[in-house]
Amino acid sequence: MKILIIEDEKTLSDSIVEYLTTEGHVCEAVYNYSEAIEKIELYQYECAVVDINLPDGSGLEIIKRIKEKFISLGIIIISGRNSLDNRIEGLEIGADHYLTKPFHLSELNAHLKSINRRINFSGQNEITVNEIKILPEEHRVFVHGKEVKLTKKEYDLLLFFTSNKNRVITKISLAEYLWGDFMDTADSCDFIYTHIKNLRKKLLKLGCEDYIQTVYGVGYKFDLTIG
């Protein structure tokens with residue numbers, strides 16, 4: 001998942017980013033209200049982890065702004081406040097979960113997995129797309145019952161394609177999803193081609209239809225009308 005971390009305590013933010021990155025997520029971090037607003041205006045995310053106590057504004061207002069623009073985007077509140085009123089208010093304006101500090105990072109990740117299933121896969125633990133079966137909890141992929149050994153980037157690409165099937169996806173959208181803030185230092189998105197070529201080759205080798213279609217001048221489409 002591509003996640004925006006909005007937390008002014010840098011030590012905690014760094015710990016969250018480090019942990020979630022090792023769990024396979026793409027994370028971007030901001031430390032105040034104004035940076036958070038700028039990010040959600042410019043980029044797309046699947047989930048935001050929001051501290052409601054920020055030095056220059058309210059995290060609750062950020063959540064309201066997010067929900068006005070991206071209704072389905074997942075929200076997890078992290079806060080030192082543990083009052084019932086705060087929890088109810090956060091959930092009523094659209095948050096999926098409310099974690100009181102201190103919390104275990106593994107619990108945060110469990111909530112993220114739940115949100116991922118809700119957003120992209122209708123709450124399923126197993127995703128089946130024609131002859132392709134994906135087990136998100138295990139990061140495993142099968143074609144016609146045979147396991148496909150994918151790199152992390154190849155797996156992330158396939159997951160992104162299957163959650164955006166039959167839609168044209170630009171190279172920039174793919175690159176931002178896979179690399180997040182690191183895309184700012186890239187000269188171009190041409191490296192996407194190599195990962196897609198390798199993913200396609202591995203799927204075809206096991207008899208998968210060639211669903212990954214190039215849309216010249218734009219990007220790619222995971223086209224399930226083929227076959």
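Only a predicted model underlies this, so the values are computations on that prediction, with no experimental measurement involved.

Caption draft 1: Geometry of the packing of helix H7 (residues 171-179) against helix H8 (residues 191-205). With their axes 10 Å apart at the nearest point, H7 and H8 run at an angle of 80° to one another. Considered as vectors, H7 and H8 are oriented roughly perpendicular to each other. Facing Lys 171, Leu 174, Ala 175, Leu 178 and Trp 179 of H7, the residues of H8 in contact are Phe 191, Ile 192, His 195 and Ile 196. Within the contact of H7 with H8, the residues separate by chemical class into 7 nonpolar, 1 polar and 1 charged.

Caption draft 2: How the structure looks around helix H1 (residues 10-22). With 13 residues, H1 extends 18 Å between its outermost C-alpha atoms, agreeing within 8% with the 18 Å of an ideal straight helix rising 1.5 Å per residue. Taken as a whole, H1 has its buried residues at Leu 12, Ser 13, Ile 16 and Leu 20. In an axial view of H1, the angular spread of the buried residues amounts to 100°, which keeps them on one side of the axis. Facing away from the buried surface of H1 by more than 90 degrees, the exposed residues are Thr 11, Glu 18 and Thr 22.

Caption draft 3: Representation of the pairing of strand S10 (residues 140-143) in the model. Of the strand pairs in this sheet, strand S9 (residues 132-135) and S10 are connected by 4 bridges, and their pairing is antiparallel. Residue pairing across strands places Ile 132 opposite Val 143, the latter belonging to S10. Linking S9 to S10, which pair antiparallel, is a turn of 4 residues; within it His 139 sits at a positive phi near 55°. Bridge analysis of S10 against strand S11 (residues 146-148) gives 3 bridges, and the strand direction is antiparallel. Residue pairing across strands places Phe 142 opposite Glu 147, the latter belonging to S11. Hairpin connection, S10 to S11: the antiparallel pair is bridged by 2 residues, and His 144 has positive phi, about 50°.

Caption draft 4: Fine view of empty space enclosed by the protein. Applying the stated criterion to the full structure yields 1 cavity of 30 Å³ or more. In this structure, the largest cavity occupies an estimated 40 Å³ of space. Contributing to the lining of the largest cavity are Arg 200, Leu 203, Leu 204, Cys 208, Glu 209, Asp 210, Tyr 211, Ile 212 and Phe 222. In terms of residue count, H8 provides more of the lining of the largest cavity than any other element does, 3 residues in total. Split by residue class, the lining of the largest cavity holds 6 nonpolar, no polar and 3 charged.

Caption draft 5: Layout of the pairing of strand S7 (residues 97-100). Sheet topology note: the strand S6 (residues 74-79)/S7 ladder contains 4 bridges and is parallel. Looking at S7, one finds that Ile 77 is bridged to Tyr 98. After leaving S6, the chain enters helix H4 (residues 84-92) and then returns to the sheet as S7, a path that is right-handed.

Caption draft 6: Layout of unusual backbone geometry. At the junction of Lys 101 and Pro 102, the peptide bond is cis and its omega measures out at -10° in the coordinates. Here Pro 102 lies in the loop between S7 and helix H5 (105-121). One non-glycine residue, Asn 130, lies in positive phi territory at about 55°. With respect to the helices and strands, Asn 130 occurs in the loop between strand S8 (127-129) and S9. One non-glycine residue with positive phi stands out, namely His 139, at about 55°. Residue placement: His 139 occurs in the loop between S9 and S10.

Caption draft 7: Representation of the pattern of salt bridges in the model. A full pass over the atoms with the stated rule returns 14 salt bridges. One salt bridge connects Glu 28 with Lys 39, and the closest N-O pair in it is separated by 3.2 Å. Of this pair, Glu 28 sits in strand S2 (residues 26-30) while Lys 39 sits in helix H2 (residues 33-42), and the two are 11 residues apart along the sequence. Of the two residues, Glu 28 and Lys 39, neither departs from the other in class, the shared state being buried. A salt bridge links Glu 147 to Lys 149, with the nearest nitrogen and oxygen atoms 3.6 Å apart.

Conventions and cut-offs
Residues numbered from 1 in each chain as written. Predicted model: local features only at pLDDT ≥ 70, side-chain atom pairs only at ≥ 80, totals over all residues. Heavy atoms only, no water. Axes fitted to C-alpha atoms, helices over the stretch in contact; angles between N-to-C directions. Helix = DSSP H or I, 4+ residues; strand = E, 2+ residues; numbered from the N terminus. Parallel < 35°, antiparallel > 145°, perpendicular 65-115°, else oblique. Contact = heavy atoms within 4.5 Å. Nonpolar A, V, L, I, M, F, W, Y, C, P; charged D, E, K, R; others polar. Expected span 1.5 Å × (residues − 1). Buried < 20%, exposed > 50% of the residue type's maximum accessible area, 1.4 Å probe, protein only. Arc of directions from axis to C-beta. Pairing = 2+ DSSP bridges. 1 Å grid on protein atoms, 1.4 Å probe; cavity = no way out; pocket = protein on both sides within 12 Å on 5 of 7 lines; lining within 4 Å. Points joined across faces, edges and corners; volume = space filled by probe spheres on them. Right-handed = clockwise from strand over helix to strand, strands pointing away. Salt bridge = Lys/Arg side-chain N within 4 Å of Asp/Glu carboxyl O.

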